[in-house]
Amino acid sequence: MNKRSFLKYLAAFGIGGSVFPAAAKPFSLDQLDWNSDDIWDQIRAGYRIKRDYINFENGYYCFLPEELLEKQIAHIREVNFQASHYMRGVQFENKAKSAAALAALVGADAEEVVLTRNTTESLDLIISGYPWKPGDEAVFSNQDYGSMQTMFEMASKRWGIKTVKIDIPMDPKNDEEVVEAYRKAITPKTKLMMVPHIVNITGHILPVRKIADMAHSYGVEVMLDGAHAVGHFTFNMHELDCDYYGSSLHKWLSVPLGAGMLYVKKDKISKIQPLLAPFDLNLKTIAYLNHIGTHPAATDLTVIDSIEFQNRIGAKRKEDRLRFIQKYWSDQVRNHPGIKVNTPEDPSRCCGIGNVWVEKYTPAEMGKILLEKYKIFTAPIDGSGVKGVRVSPNIYTTTAECDQLVKALKEMAS
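About the thresholds
- Residues numbered from 1 in each chain as written.
- Predicted model: local features only at pLDDT ≥ 70, side-chain atom pairs only at ≥ 80, totals over all residues.
- Heavy atoms only, no water.
- Salt bridge = Lys/Arg side-chain N within 4 Å of Asp/Glu carboxyl O.
- Helix = DSSP H or I, 4+ residues; strand = E, 2+ residues; numbered from the N terminus.
- Buried < 20%, exposed > 50% of the residue type's maximum accessible area, 1.4 Å probe, protein only.
- UniProt positions renumbered as here; feature names shortened; annotations may be inferred.

Student: Give a description of the pattern of salt bridges that names residues and reports values.
Tutor: Overall, the coordinates contain 27 salt bridges when judged by the stated rule. Two residues, Asp175 and Lys210, come together in a salt bridge whose shortest N-O distance is 2.9 Å. Here Asp175 is found in helix H7 (residues 175–183), whereas its partner Lys210 is found in helix H8 (residues 208–217), with 35 residues between them in sequence. Assessed through its relative accessible area of 19%, Asp175 is described here as buried. Of the residues examined, Lys210 reaches a relative accessible area of 38% and is grouped as partly exposed. Of the charged contacts, one joins Lys368 and Glu372 as a salt bridge, the two residues approaching to 3.0 Å between their closest N and O atoms. On the criterion of helical spacing, the pair formed by Lys368 and Glu372 is a turn pair, its members being 4 residues apart in helix H12 (residues 363–372). Look at Glu372 and you get partly exposed, because its relative accessible area is 48%.

In structure tokens:
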């Protein structure tokens, strides 16, 4: 039976022609009505969303919208098609283009930015390559990312440096309270200070320019951990005036896994020694720090696609949406009995990430109940003075999903 006869057969039995639906038009931001009240619902349609639970853990890794995923797959096919011809030559030019696009996104110069694999690699390059001398001191906080703290501890064992830890005020009255916490840790031997641009466990955005100005007045260099910053909220690297900056692009910029950024201020590049030796030891550019051997080059190409995707949405529009979603749920439970919100209330000190604790439970118990009873996936945090679960939505998250979180938290607290 041919297709036409088969369709007649179905019609005779009252079965519609939906068995052979027209091919769906691929999703694209270009199709959207930006003036519509349901614009975020339209954007949500571009994501393939797992329905088993509500995903409030996009901070670790935000999966790609289908439009970007298809572009990544196309890049993989093209690199595979060109094979060694691509890897021996073309990849380096394309990687430089992606790094330049990233530099433009964050307000840096192209010669100050390289692509890495993640924040950990970026910041480890600085910590391990810094010209330490025995007795030098490094300052960082108990709220910094764990593996970055242990990298400083490793540097302490290797080069005899002293590590000095502080606690970041959870909900400061003003910027000066945060700046002072770092200032008090500085001694004449302090060389480098690591500061989170945004604290990964609470979503607290720090006044990093004021911290940098203070540190520089004492002759101390500043390395910012921006793992959760790029693609999350807008900033200009030169206005931050830090010396070093690392970020992961697979989080808020929705680049495939395996892409990060390292920024080094121009006059600091020659100061740092590479973790892995480059082909040319006389190289004077930031590429001197960036030799990692053969790696999945298709990921580098998708960086530009992800930047273009964000630019079409609008970086500030995206930032405002993320802050709105976080404030939408957190403000409803902030003063509720038995619930503690660990994220600052001031909208200038937060964006998409929030942290909340139902005080009758341990964070592990809380995360388990949220997932098993309410089908809500979060990240339990128990340490560094913080108890609760991290809640990190993304632009596809709806207020209805936030309402379910709020209902669950209030039920758990009652």
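Next comes the rest of the description.
Student: Hey, could you go over the UniProt feature "domain: Aminotransferase class V" (unreviewed entry) in the protein chain for me, with residue numbers and the actual values?
Tutor: As recorded in UniProt, the feature "domain: Aminotransferase class V" (unreviewed entry) lies at residues 88–404. The straight-line gap between the two end C-alpha atoms of residues 88–404 is 51 Å; of that span, 38% is helix and 18% is strand.

Student: Requested: an account of the environment of Ser270, with residues and values cited.
Tutor: Locating Ser270 in the fold gives a position in the loop between strand S8 (260–264) and helix H10 (297–313). In the structure, Ser270 is positioned 15 residues away from Thr285 in sequence and 8.1 Å away in space, judged by C-alpha atoms.

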